[in-house]
Amino acid sequence: MYQDYWGLQEKPFENTPDPRFFYRSPAVTETFAKLLYALRSNQGAILLTGEAGCGKTMLSRSLVAELEPEKTEVALLTSPSPTPTELLREILYQVGETHLDSGHTEIVHRLNGRLYDNFSLGKTTLVIIDEGQLLADDALFEEIRLLLNFQLNDAFLITLLLIGQPELGERIRNLPQFDDRLSARGLLRPLERREVGAYIDHRMSVAGRSEAAFSPEAVELISQYSGGIPPDSTTSATSAWCSATAAGSNGSMRKWPTASSSTRKIEWDLRIGPFRV
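Residues numbered from 1 in each chain as written. Predicted model: local features only at pLDDT ≥ 70, side-chain atom pairs only at ≥ 80, totals over all residues. Heavy atoms only, no water.

**Considerations on the side chain of Arg114**
Here is step 1 of the chain: With respect to the secondary-structure elements, Arg114 resides in helix α5 (residues 104-120).
Here is step 2 of the chain: Each residue touching Arg114, except ones within four places of it in the same chain, is listed here: Glu73, Val95, Gly96 and Glu97. (Helix = DSSP H or I, 4+ residues; strand = E, 2+ residues; numbered from the N terminus. Contact = heavy atoms within 4.5 Å.)

Here is the structure:
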């Protein structure tokens, strides 16, 4: 309902990893360029970490969108497998293999053959492992490291992008043999306060509205409440838009989002304007 009310072509604050809504702050732009270069150069293993909600999945989808689809085969693992054999079997499935062997050695041979076939066709095989902090067994890290042994004298047959929360980076630093194989690292942090307004404006622009909708005071409050975490910012903004639509007014509205601390809940005013409908 609020899309028509505010002159939008689509919803601007959905918490989905649509690359069109990817906001590139200066820090994110630097990280994006570094990781994209590593992917395009087929440099082996790449690590992306950040707190929950900082945009790791959005950034990874945006990276993939920059690659040539006819020259890239992507295997996306959104839930890490519990054993090395199941991990390899899932990678095989993701790259299109329908006949999946049960034995570990057979799976390794079949995967090596598939990677070489892709390379011969001029295609890069990119394996993305998301939620990497859930990899509980050192044997899984060792199996992932060994994937980098699929290579020719002058080229890797596989590119790995590991994504996870900061504990993934800490875990890898304690595995020197794995850590040494990383060719690039990226770290995403929460948005700075001055970036929250630009983030909101970017999403509204993509959704079809070029005029400012939130007052500086409202943006400041959203920044304080969200702590610079994009999904929390979009949740606050969505709540404000819906409330303003229901009120049919350009005035102030009182909101009570639940933001817990050790001793209290935070109550705050969210003022919306100037609106032009």
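Still more ground to cover, so stick around.
**A few points about the sheet that holds strand β5 (residues 182-188)**
Here is step 1 of the chain: Strand order in this open sheet of five strands is β2-β3-β4-β1-β5, and the pairing throughout is parallel. The open sheet has two edge strands with one neighbour each: β2 (72-77) and β5. Neighbour to neighbour, the strand axes of the sheet diverge by 15° on average, direction disregarded.
Here is step 2 of the chain: Where strand β1 (residues 45-50) meets strand β4 (residues 159-164), five bridges bridge the pair, whose relative direction is parallel. Bridge pairing in β4 links Leu47 to Leu162.
Here is step 3 of the chain: Packing of helix α2 (residues 26-40) onto the sheet brings it into contact with β1, β3 (124-129), β4 and β5, and relative to β5 it is tilted by some 155°.
Here is step 4 of the chain: Helix-sheet contacts for helix α4 (residues 84-94) involve β2 and β3, and the interaxial angle to β2 is about 135°. (Pairing = 2+ DSSP bridges. Axes fitted to C-alpha atoms, helices over the stretch in contact; angles between N-to-C directions.)

**Thoughts on the layout of surface pockets**
Here is step 1 of the chain: A volume near 540 Å³ is recorded for the largest pocket.
Here is step 2 of the chain: The wall of the largest pocket is formed by 31 residues, among which Gly53, Cys54, Gly55, Lys56 and Met58 lie closest to the centre.
Here is step 3 of the chain: Of all elements in the fold, only α3 (56-66), β4, α9 (193-207) and α11 (230-247) reach the threshold of two or more residues within the lining of the largest pocket.
Here is step 4 of the chain: When its residues are assigned to classes, the lining of the largest pocket shows 15 nonpolar, ten polar and six charged. (1 Å grid on protein atoms, 1.4 Å probe; cavity = no way out; pocket = protein on both sides within 12 Å on 5 of 7 lines; lining within 4 Å. Points joined across faces, edges and corners; volume = space filled by probe spheres on them. Nonpolar A, V, L, I, M, F, W, Y, C, P; charged D, E, K, R; others polar.)

**Focus: the pattern of salt bridges**
Here is step 1 of the chain: One pass over the structure, following the stated rule, counts 13 salt bridges.
Here is step 2 of the chain: Residue Arg20 is joined to Glu10 by a salt bridge in which the shortest nitrogen-to-oxygen separation is 2.9 Å. In this pair, Arg20 sits in the loop between α1 (2-5) and α2 while Glu10 sits in the loop between α1 and α2, placing the two residues ten residues apart along the sequence.
Here is step 3 of the chain: Arg20 sits in the partly exposed class, given a relative accessible area of 43%.
Here is step 4 of the chain: Residue Glu10 is classed as partly exposed on the basis of its relative accessible area, which comes to 24%.
Here is step 5 of the chain: The salt bridge partner of Glu66 is Arg24, with a shortest N-O separation of 3.8 Å. Taken together, the residues Glu66 in helix α3 and Arg24 in the loop between α1 and α2 connect sequence positions 42 residues apart. (Salt bridge = Lys/Arg side-chain N within 4 Å of Asp/Glu carboxyl O. Buried < 20%, exposed > 50% of the residue type's maximum accessible area, 1.4 Å probe, protein only.)

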